[in-house]
Amino acid sequence: MILLRLLSWQYARKHRARSVLTVLGIALGVGVFVGMHAANQSILAAFGQTVDRIAGSTALQVSAGESGFDEEVLEAVQQLPEVRVAVPIVEAVAATGIRGQGNLLILGVDMVGDRGLRDYSLEGGQQETVEDPLVFLAQPDSLVVSREFAARNGLDLNSRPVMWTMDGPKQFTIRGLMRSGGLASAFGGNLAVMDIYAAQKVFGRGRKFDRIDVAVQEGVTVEQCRTAIERRVGPAFEVRPPSGRSQQFDFMMQGYSTSMNISSAFALFIGLFIIYNSFSIAVTQRRSEIGILRALGATRRQIRRMFVGESAVLGLLGSTLGIGLGMLLAGGLMRYINHVMEGAYGVAEQSRDVVWSPVLLLAALGFGAAASLVAAWLPARAAAAVDPVQALQKGKLQVLSAGENRRRRAVAGILLVGCLACLLLGSSRVFFYGGYALLITATVLLTPSLSLWLAR
């Protein structure tokens, strides 16, 4: 601690720009790592909750792709003894045309039979809010929206918003409001409900449904019911639990997560390289100080600990700043993932809350500090190996030995051969990113030789 206070701190103050660059190198890598993982976990958690809210007590969903299926399939599923409730669903997306609101997911449901699966929680009860249920069912423009969506956009009962669908602009009439929570909170409130036969007419479905939501009979397992439905409807239909949509989105985001992991690792690698060079320069510039300390009785271990201690302090500081940077980046990354989600499902998750995991923050702190220690280990070992007699002789310089340079070039050559093998022989993503990592490492190892060649 005395060496850190008397020598390291004075050196850092004298070379502030280099110290700041070292800290920022670690902060960048940690910030990308924290922001990416926090945004990814938050979106996946929010989407999982949305799927659960829309599904209600649905155990299985039957679908047949974008083309839909006829009413005969619904009747066949409803007749199965393993099925307690089977209700048809039509899903459609309408653009609100309101700045910042994006799209609205509209569920066409059988309002009578569907209450066995979902709680719509209408404001004031159905009779008070939907003044005339017959008008609601008879008019194809009838819509029930969430209270949050109506409040955000200045809408109320009997408001007539115009929305854009795949069949052009359509005018709807709001004839009901859903209370907060449950189904109404899906996609941050950007969800509406209408009668299924009206949805078929408005969105050009004819007499087809998009899917069937199924509740299992008591005493029957989900797998038994699934087998019975698959046997009845045939292989052209997909029967899966609602969580399958969340898993599908998770799988779709794996490519994005992998690319962001590579980016954060590369950013941290750049920080590690900056630390290595900074401490290598520091060892060269402070050879006389090291020689004096050794002449006064300082051991090799104490010299090594001094430089390792400097790197630990800079690593912790950079990791702390990186966590703050990650908190700022997470919001922007969430907006990007929401955009990806809207492209895949038509509706973006409106939640802006980032879920922060203490485990993630502690891991990021330790990750940045460990990277700093690894980067500073070789310069610290070189500092401990300085000969005090040579260090105090004027005109003596520390140079990179020819043997060490040859070893670096040999290892770099082996890595380049491995890179070419990965790119030429392997076609999977693992080989691609492995070859990319080998190329970067080989380039770093060749940097000293390239610098000497360039200087000549």
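These numbers were taken from a predicted model, which means no experiment stands behind them.

Draft legend 1. Quick peek at the nonpolar core. Of all hydrophobic cores here, the largest spans 41 residues; its most connected members are Ile106, Met194, Ile212, Val214 and Ile229. Here the element with the most residues in this core is strand 2 (residues 83-95); it accounts for five residues. Not counting residues up to four positions away in its chain, the partners in contact with Ile212 are Leu60, Gln61, Val62, Phe69, Val73, Leu74, Val77, Ala86 and Val87. The next biggest cluster of nonpolar side chains, apart from the first, holds 27 residues, and it includes Val23, Val283, Leu314 and Val386.

Draft legend 2. Representation of the pairing of strand 9 (residues 211-216). The element strand 9 is largely enclosed, with a buried count of six among its six residues. Side chains Arg211, Asp213 and Ala215 of strand 9 all project onto a buried face; the interleaved residues Ile212, Val214 and Val216 project onto the opposite face, where all are buried too. Looking at chain direction, strand 2 and strand 9 are connected through six bridges and run antiparallel. From the neighbouring strand, Pro88 faces strand 9, where its bridge partner is Ile212.

Draft legend 3. Here's a closer look at the pairing of strand 6 (residues 168-171). The pairing of strand 5 (residues 162-165) with strand 6 spans four bridges and is antiparallel. Paired with Thr165 across the two strands is Gly168, which belongs to strand 6.

Draft legend 4. Main features of helix 15 (residues 429-455). Between its first and last C-alpha atoms helix 15 spans 38 Å; for 27 residues at 1.5 Å apiece the expected length is 39 Å, and the two agree. The sharpest bend along helix 15 measures roughly 45° and falls at Thr447, with the proline Pro448 sitting one to four residues further on. Buried within helix 15 are the following residues: Gly435, Ala442 and Ser449.

Draft legend 5. Representation of the pattern of salt bridges within the structure. In this structure the tally under the stated criterion is eight salt bridges. Where Lys208 meets Asp70, a salt bridge forms, and the shortest distance between an N and an O atom there is 3.0 Å. With Lys208 in the loop between helix 7 (196-202) and strand 9 and Asp70 in the loop between strand 1 (60-63) and helix 3 (71-78), this pair connects stretches of sequence that are 138 residues apart. Residues Arg226 and Glu230 are paired through a salt bridge, measuring 3.6 Å at the closest nitrogen-oxygen approach. Placement of both Arg226 and Glu230 in helix 8 (residues 222-233) is noted, with a separation of four residues, approximately one turn of the helix.

Draft legend 6. The arrangement of the side chain of Ser142 in detail. Mapped onto the elements of the fold, Ser142 is located in strand 4 (residues 142-146). A residue is classified by how much of its surface remains accessible, and Ser142, at 2% relative accessible area, is buried. Within the structure, Ser142 has its side chain in polar contact with the side chain of Arg175 (distance 2.7 Å).

Draft legend 7. Examining unusual backbone geometry more closely. Phi angles above zero are rare outside glycine, and Asn158 is one such case at about 70°. By the secondary structure assignment, Asn158 is in the loop between helix 6 (147-152) and strand 5.

Draft legend 8. Spotlight on the confidence of the model for the protein. When pLDDT is averaged along the protein, the result is 76, and 76% of the positions lie at 70 or above. Of all helices and strands in the protein, the one with the weakest mean pLDDT is helix 4 (residues 126-129) (43), whereas helix 8 scores best (89). Residue range residues 124-129 is modelled with pLDDT below 50. Its contacts to residues more than four positions away, or to other chains, number 10 contacts.

Draft legend 9. The environment of Val374, seen in detail. Tracing the backbone through its elements, the reader meets Val374 in helix 12 (residues 358-384). Val374 gets classed as exposed once you look at its relative accessible area, which sits at 58%. Each C-alpha atom of the pair Val374 and Ala312 lies 9.7 Å from the other, and the pair is 62 residues apart in sequence.

Draft legend 10. Quick peek at a nonpolar patch on the surface. Side chains of Leu420, Leu423, Leu424, Leu425 and Phe432 sit close together on the surface and give an oily, nonpolar patch of about 600 Å² of accessible area. In terms of residues, the nonpolar patch owes the most to one element, helix 14 (residues 402-425), which gives four residues. For Leu423, a relative accessible area of 44% translates into the label partly exposed.

Analysis parameters
Residues numbered from 1 in each chain as written. Predicted model: local features only at pLDDT ≥ 70, side-chain atom pairs only at ≥ 80, totals over all residues. Heavy atoms only, no water. Core = buried A, V, L, I, M, F, W, Y, C linked by side-chain atoms within 4.5 Å. Buried < 20%, exposed > 50% of the residue type's maximum accessible area, 1.4 Å probe, protein only. Helix = DSSP H or I, 4+ residues; strand = E, 2+ residues; numbered from the N terminus. Contact = heavy atoms within 4.5 Å. Pairing = 2+ DSSP bridges. Expected span 1.5 Å × (residues − 1). Bend = angle between axes of the 7 residues up to and from the residue. Salt bridge = Lys/Arg side-chain N within 4 Å of Asp/Glu carboxyl O. Polar contact = N/O pair within 3.5 Å; in protein donor to acceptor, adjacent residues only side chain to side chain. pLDDT = per-residue confidence, 0-100. Patch = residues over 30% accessible without salt bridge, like charges linked within 9 Å, V, L, I, M, F, W, Y side chains within 5 Å. Areas by Shrake-Rupley, 256 points an atom, 1.4 Å probe, with all protein chains shown as cover.

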